Structure formats: structure tokens, C-alpha cells
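So the chains spell out like this:
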Amino acid sequence: MQKELIEKTLAALEKHSFQTARFSTVEQAVEWLDQQIPQGASVGVGGSVSVRSSGLLERLSARGIEILDHWQEGLSPEEKKELFFRTHRADAYFCSANAITAEGHILNVDGMGNRLAAHCYGPKRLYLLCGINKLVPDMDAALERIEKIAPINCKRKGFDTPCTETGECCDCNTPDRSCRAYLVLRRPTRAVPVTVVFVEQEMGM
């Protein structure tokens with residue numbers, strides 16, 4: 001059943017003009033992604049557990065690739081804001097997806113909006129590094145998945161939201177709410193080619 005879902009999803013993504021690459025392990029995916037980034041390129045990165053735990057950023061950095069990372073310590077609000085703008089002019093942008101449907105649609109949810117902006121306009125190419133846990137049958141299941149992982153994500157980030165206490169989404173209006181903007185990519189925009197890098201393992205949340 002899982003194999004059928006994988007093959008159906010990748011076929012639907014390709015039908016919708018997304019490029020795909022499929023790997024058995026994270027290590028294989030990272031090696032391939034490393035080869036896609038030429039020397040001298042700049043790379044932006046979203047707040048993705050999948051990407052940040054893969055070893056990709058360390059590998060690129062070791063080659064001297066410029067990593068535009070707004071998570072680095074010691075940044076002032078002004079410096080972080082400037083990094084957001086520089087990230088959206090990067091040669092490549094790496095993040096993951098909150099959910100990918102078997103219909104070939106990609107859902108991401110954001111609190112700041114920088115990650116969603118990069119999906120639509122700015123970077124020369126977008127790479128989405130995703131594990132099997134991100135695959136769902138349809139958009140209803142994708143939204144359900146968001147509600148399940150949002151409390152875990154808010155707790156990881158130290159946000160003061162009701163869901164960090166209850167473990168359940170309550171559609172709150174707190175300042176720390178992270179589920180603010182929802183973006184569904186049914187096709188890549190004309191400005192940013194998208195490659196879904198799919199790993200046959202669970203990755204991130």
C-alpha cells in the first residue's frame with residue numbers, strides 16, 4: 001500500500017510539472033543535492049527539521065557554499081530581516097513540506113511567511129526534501145496532519161500557545177500562533193522551478 005501511495009504521488013507531481021527525485025536513504029538524497037549546487041552559489045534555508053537534520057547544510061558549508069541561515073545565533077531583528085530578503089535572491093532554497101497529497105498538491109503552513117514567499121517568487125530553484133511521513137491521500141488528510149504536528153512544532157520552538165499544553169489545535173489567536181498562512185502549490189509558479197526530493201524514510205515532523 002505504501003509503495004502504491006509513493007508511486008501515485010510522484011506520478012501526480014510530475015504530471016503537474018514538479019520535478020522529482022527518489023532515494024532510498026537520506027544519505028543518497030544529500031549526496032545528490034550536494035551535486036546540484038555549483039561552487040559559488042548561495043543557498044537559503046527554511047526552518048525545516050528534515051533539512052537541518054540531514055547533514056546537507058554542513059556538507060555544503062564545508063565546500064564554501066554560502067548558507068543564508070536566519071537561525072544562526074546572535075542576529076539582531078534587522079539582520080534577520082535582511083537575511084530573509086537575501087534568502088529570496090538565493091540560487092537555491094531548501095525546505096520541506098508539511099504535507100504532499102497523492103493528488104500531486106503540496107501544502108505548507110507558516111507563521112512568518114518567509115518560507116511560503118520562497119515557494120512562489122525569488123530563489124532560482126526550490127528543493128523540497130521530504131520523507132514518507134509527509135505523504136497523505138488528499139487535502140483533507142493534509143490539513144488533519146497539520147493540526148497534529150502543529151502542537152509538537154510549537155513546543156519545539158518554545159512558543160506560548162494553548163496547543164503546547166493540550167497537544168491539540170484549538171484555532172487560537174495568541175501572538176505566538178504559527179499556523180497563520182497556508183499555501184497550496186498545485187503547480188510550480190512560473191518564477192520558481194520546484195524539485196521534490198523524496199526519501200523512502202521518515203524525516204522531520
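Everything below is about the structure shown above.
Criteria and thresholds
- Once a new chain begins, its residue numbering starts again from 1 and follows that chain's sequence as written.
- At least 70 in pLDDT is required for a residue's local features to be given in this predicted model, at least 80 for side-chain atom pairs to be given and counted, and no such filter applies to totals for whole chains, interfaces and linings, which use all residues.
- Note that the side-chain values use all heavy atoms of the structure and ignore hydrogens as well as water.
- Secondary structure follows DSSP: runs of H or I at least 4 residues long count as helices, runs of E at least 2 residues long count as strands, and numbering of each begins at the N terminus.
- Note on method: radius of gyration uses C-alpha positions; expected globular size equals 2.2 Å times residues raised to 0.38.
- Counted as positive: Lys and Arg. Counted as negative: Asp and Glu, with His and the chain ends omitted from the count.
- Charge coordinates come from a single atom per side chain, which is NZ of Lys, CZ of Arg, CG of Asp or CD of Glu.
- Only when DSSP finds a minimum of two bridges between them are two strands counted as paired.
- Each axis is a line fitted through C-alpha atoms, and for a helix only the stretch in contact is used; angles between axes span 0 to 180 degrees, taken between their N-to-C directions.
- Salt bridge, as used here, is a side-chain nitrogen of Lys or Arg placed within 4 Å of a carboxyl oxygen of Asp or Glu.
- Exposure categories follow from relative accessible area, calculated using a 1.4 Å probe and restricted to protein chains: below 20% of the type maximum is buried, above 50% is exposed, and the middle band is partly exposed.
- Space inside and on the surface of the protein is sampled on a 1 Å grid over the protein atoms alone, with a cavity defined as a set of points where a 1.4 Å probe fits but cannot get out and a pocket as an open set with protein on both sides within 12 Å along at least 5 of 7 lines; lining residues have an atom within 4 Å of a point.
- Grid points are joined across faces, edges and corners, and a volume is the space filled by probe spheres set on the points.

Asks: Residues and numbers for the overall build of the protein chain, please.
Replies: Along the protein chain, the regular secondary structure elements total 8 helices and 10 strands. Taking 17 Å as the expected radius of gyration for a compact globule of 205 residues, we find that the protein chain reaches 16 Å, a close match to that expectation. Along the longest, intermediate and shortest principal axes, the C-alpha atoms of the protein chain span 45 × 45 × 30 Å. A distance of 5 Å separates the average location of the 25 positive side-chain charges in the protein chain from that of its 27 negative side-chain charges.

Asks: Please set out the sheet that holds strand S1 (residues 19-23) residue by residue, giving values where relevant.
Replies: Across a sheet, paired strands are connected by hydrogen bonds in the backbone, their directions being either parallel or antiparallel. Read across the sheet, 6 strands follow the order S1-S10-S7-S4-S2-S3 without closing on themselves; strand pairing throughout is parallel. Strands at the two margins of the open sheet, each flanked by one partner only, are S1 and strand S3 (66-68). On average, each strand axis in the sheet is tilted by 25° relative to the strand beside it, whichever way the strands run. Examined bridge by bridge, strand S4 (residues 92-95) and strand S7 (residues 126-131) share 3 bridges and lie parallel to one another. Looking at the pairing, tyrosine 93 lines up with leucine 126 of S7.

Asks: Can you explain the pattern of salt bridges? Please cite residues and give values.
Replies: Taken as a whole and judged by the stated rule, the model has 9 salt bridges. The residue glutamate 200 makes a salt bridge to arginine 22 at a minimum N-O spacing of 2.5 Å. Here arginine 22 lies in strand S1 and glutamate 200 lies in the segment after strand S10 (194-199), a separation of 178 residues in the sequence. Relative accessible area serves as the criterion here: at 33%, glutamate 200 is assigned to the partly exposed category. Measuring nitrogen to oxygen at the nearest pair gives 3.5 Å for the salt bridge that ties lysine 148 to glutamate 144. Separated by 4 residues within a single helix, lysine 148 and glutamate 144 lie in helix H7 (residues 139-157), roughly one turn from each other. Lysine 148 sits in the exposed class, given a relative accessible area of 56%. Look at glutamate 144 and you get partly exposed, because its relative accessible area is 44%. Within this structure, Asp34, Arg59 and Arg63 form a network of salt bridges that share partners.

Asks: Please provide a residue-by-residue account of the layout of surface pockets, values included.
Replies: In this approach the atoms are scanned with a rolling probe the size of a water molecule, which exposes any empty space left behind. Estimates place the volume of the largest pocket at around 730 Å³. Forming the boundary of the largest pocket are 36 residues, of which Gly47, Asp110, Arg115, Asn153 and Lys157 lie nearest the centre. Contributing elements (two or more residues each) for the lining of the largest pocket: helix H3 (49-52), helix H5 (77-87), S4, strand S6 (106-110), helix H6 (114-120) and H7. The element best represented in the lining of the largest pocket is H7, accounting for 6 residues.

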